Amino acid sequence: MKKVFERPKSLKPAVFHYCPGCGHSIIHRLVAEVIDELGIQERCIGVPPAGCAVLAYNYFDVDMGEAPHGRATAVATGIKRVLPDRVVFTYQGDGDIAAIGTAETVHAANRGERITAIFVNNAVYGMTGGQMAPTTITGQATTTSPGGRVPLRDGYPVDLSQMLQTAAGAAYIERCAVTNPKNINHAKKAIRKAFQVQLDDLGFSMVEILSPCPTNWKMSSVDASKWVDEEMTKFFPLKVIRDVT
Ligand SMILES: Cc1ncc(C[n+]2csc(CCOP(=O)(O)OP(=O)(O)O)c2C)c(N)n1
Ligand code: SF4
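Residues numbered from 1 in each chain as written. Chains lettered and ligands numbered in written order. Predicted model: local features only at pLDDT ≥ 70, side-chain atom pairs only at ≥ 80, totals over all residues. Heavy atoms only, no water.

1. Some words on the nonpolar core
Val-31, Phe-89, Ile-118, Ile-191 and Phe-195 are the most contacted members of the largest nonpolar core, which has 35 residues in total. Counting residues per element, the ones that place at least two in this core are helix 1 (23-38), strand 3 (87-93), strand 4 (116-121), strand 7 (170-177), helix 7 (181-199) and strand 8 (204-210). When residues no more than four places from it in sequence are discounted, the contact partners of Phe-195 are Val-31, Val-34, Leu-38, Ile-40, Cys-44, Val-87, Phe-89, Thr-116 and Ile-118. Listed in part, the 22 residues of the second largest apolar core include Ile-45, Ile-115, Phe-204 and Ile-241. (Core = buried A, V, L, I, M, F, W, Y, C linked by side-chain atoms within 4.5 Å. Buried < 20%, exposed > 50% of the residue type's maximum accessible area, 1.4 Å probe, protein only. Helix = DSSP H or I, 4+ residues; strand = E, 2+ residues; numbered from the N terminus. Contact = heavy atoms within 4.5 Å.)

2. Points about the site of ligand 2
Around ligand 2, the neighbouring residues are Tyr-18, Cys-19, Cys-22, His-24, Cys-52, Asn-122, Gly-126, Cys-213, Pro-214, Thr-215 and Asn-216. Here the shell around ligand 2 gets 3 residues from one element, more than from any other, and that element is helix 8 (residues 214-217). Residue composition of the shell around ligand 2, grouped by class: 6 nonpolar, 5 polar and no charged. (Near = heavy atom within 4 Å. Nonpolar A, V, L, I, M, F, W, Y, C, P; charged D, E, K, R; others polar.)

3. Concerning the pairing of strand 8
Note on strand geometry: in a regular strand, side chains alternate between the two faces of the sheet. Across the 7 residues that make up strand 8, a large majority, 7, are buried. Neither face of strand 8 is left uncovered, since the one carrying Phe-204, Met-206, Glu-208 and Leu-210 and the one carrying Ser-205, Val-207 and Ile-209 both have all their residues buried. As paired elements, strand 4 and strand 8 share 6 bridges and run parallel to each other. Bridging across to strand 8, Asn-121 finds its partner in Leu-210. Where strand 7 lies against strand 8, 7 bridges are found, and the strand directions are parallel. Bridge pairing in strand 8 places Ala-177 opposite Leu-210. Remark: the strand 7/helix 7/strand 8 crossover connection has right-handed handedness. (Pairing = 2+ DSSP bridges. Right-handed = clockwise from strand over helix to strand, strands pointing away.)

4. What about the layout of surface pockets?
Of the pockets and cavities examined, the largest pocket occupies roughly 210 Å³. As for the largest pocket, its lining consists of 18 residues, of which Ala-50, Gly-51, Cys-52, Gly-126 and Met-127 are closest to the centre. With 3 residues, the single largest contributor to the lining of the largest pocket is helix 3 (residues 94-100). Put simply, the second largest pocket is a space of about 150 Å³. As for the second largest pocket, its lining consists of Val-4, Phe-5, Glu-6, Arg-7, Pro-8, Lys-9, Glu-33, Asp-36, Glu-37 and Lys-188. (1 Å grid on protein atoms, 1.4 Å probe; cavity = no way out; pocket = protein on both sides within 12 Å on 5 of 7 lines; lining within 4 Å. Points joined across faces, edges and corners; volume = space filled by probe spheres on them.)

5. Side note on helix 9 (residues 221-235)
The end-to-end C-alpha distance of helix 9 is 21 Å, a good match for the 21 Å that 15 residues give at a rise of 1.5 Å each. Restricting attention to buried positions, one finds in helix 9 the residues Ala-224, Ser-225, Trp-227, Val-228, Met-232 and Thr-233. Against the buried residues of helix 9 lie strand 4, strand 7, strand 8 and helix 8. (Expected span 1.5 Å × (residues − 1).)

6. Comments concerning the packing of helix 1 against helix 7
Relative to each other, helix 1 and helix 7 sit at 50°, their axes nearing to 9 Å. Our classification of the angle between helix 1 and helix 7 gives oblique. Helix-helix and strand crossings are classified by hand; for helix 1 and helix 7 the assignment is right-handed. Contacts from Ile-26, Arg-29, Leu-30, Val-31, Glu-33, Val-34, Glu-37 and Leu-38 of helix 1 reach helix 7 at Ile-184, Ala-187, Lys-188, Ile-191, Arg-192, Phe-195, Gln-196 and Leu-199. Taken together, the residues that form the contact of helix 1 with helix 7 break down as 10 nonpolar, 1 polar and 5 charged. (Axes fitted to C-alpha atoms, helices over the stretch in contact; angles between N-to-C directions. Parallel < 35°, antiparallel > 145°, perpendicular 65-115°, else oblique. Left-handed = near helix turned anticlockwise from the far one by under 90°.)

7. Examining the side chain of Lys-188
Here Lys-188 lies in helix 7. Take Lys-188: its relative accessible area is 17%, and that puts it in the buried class. For Lys-188, the residues in contact, after removing those within four places along its chain, are Leu-30, Glu-33, Val-34 and Glu-37.

8. Remarks on the pattern of salt bridges
The tally for this structure, following the rule as stated, stands at 15 salt bridges. Of the charged contacts in the structure, one is a salt bridge between Glu-104 and Arg-71, with a shortest N-O distance of 3.3 Å. Taken together, the residues span a long stretch of sequence, with Glu-104 in helix 4 (residues 102-111) and Arg-71 in the loop between strand 2 (63-64) and helix 2 (72-82) at a distance of 33 residues. With a shortest N-O distance of 3.0 Å, Glu-208 and Arg-175 are connected by a salt bridge. Of the two residues, Glu-208 is situated in strand 8 and Arg-175 in strand 7; the sequence distance between them amounts to 33 residues. Its relative accessible area of 1% is what places Arg-175 among the buried residues. (Salt bridge = Lys/Arg side-chain N within 4 Å of Asp/Glu carboxyl O.)

Geometry only, nothing functional implied.
Structure below.
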């Protein structure tokens, strides 16, 4: 019988600890498939975040570092500069990359570091119990904004990818989602391109991926994906944000 699917080589045979319906599991698989397809498993180094993906080294079968919360692009910068022949990626949640790590991210992009950031936007701080994140959308209820995000009190949702649109060193930034097979296939293409940009030495690359967090949103998996498509994309439209390749 023809094999139509198999576990990527770059994923260890471990069972994900992520909640059912969480986007992290899908995104891990996509990143691993891209690493396999580009044939870079032996020279790939990943930098996981603080957040639900903190244990990503239990899953990716590539060399992995670890970074304090928010510092992944800074750690990745150091690794890439010391080992320029490696393919270095960060894997970060929105709290990690767009709150605690804002400065690191902005400057890594601006410097044009030859690294790839995978930015998982689930609009909350997932691991610590669903607090408001910079990406929490207007009106969204979280554990620290039970009445919904109010911009005059809480500030507006931060669109990090759009902010980085002007970063001279950024070669490629795209926002995708993992809510249905079409979007998932597209997200994989974007991840592949982001890695290719690094292989071609063109500059900083980042893929933002809108990702359901059914647990903290207190929704079923199906409703969580629907909420991404219907509500989150109003604030974070799916599109190529910068491409100077
Ligand atoms: C400097 C610092 N502050 C706070 C924390 C606690 N902390 C760990 S994970 C986390 C939230 C992570 O949320 P996010 O980056 O959005 O990732 P997710 O869990 O949603 O994937 C926080 C606040 C920490 N580890 N380090
Ligand atoms: S809390 Fe949210 S982000 Fe974390 S594993 Fe569960 S669904 Fe995923």
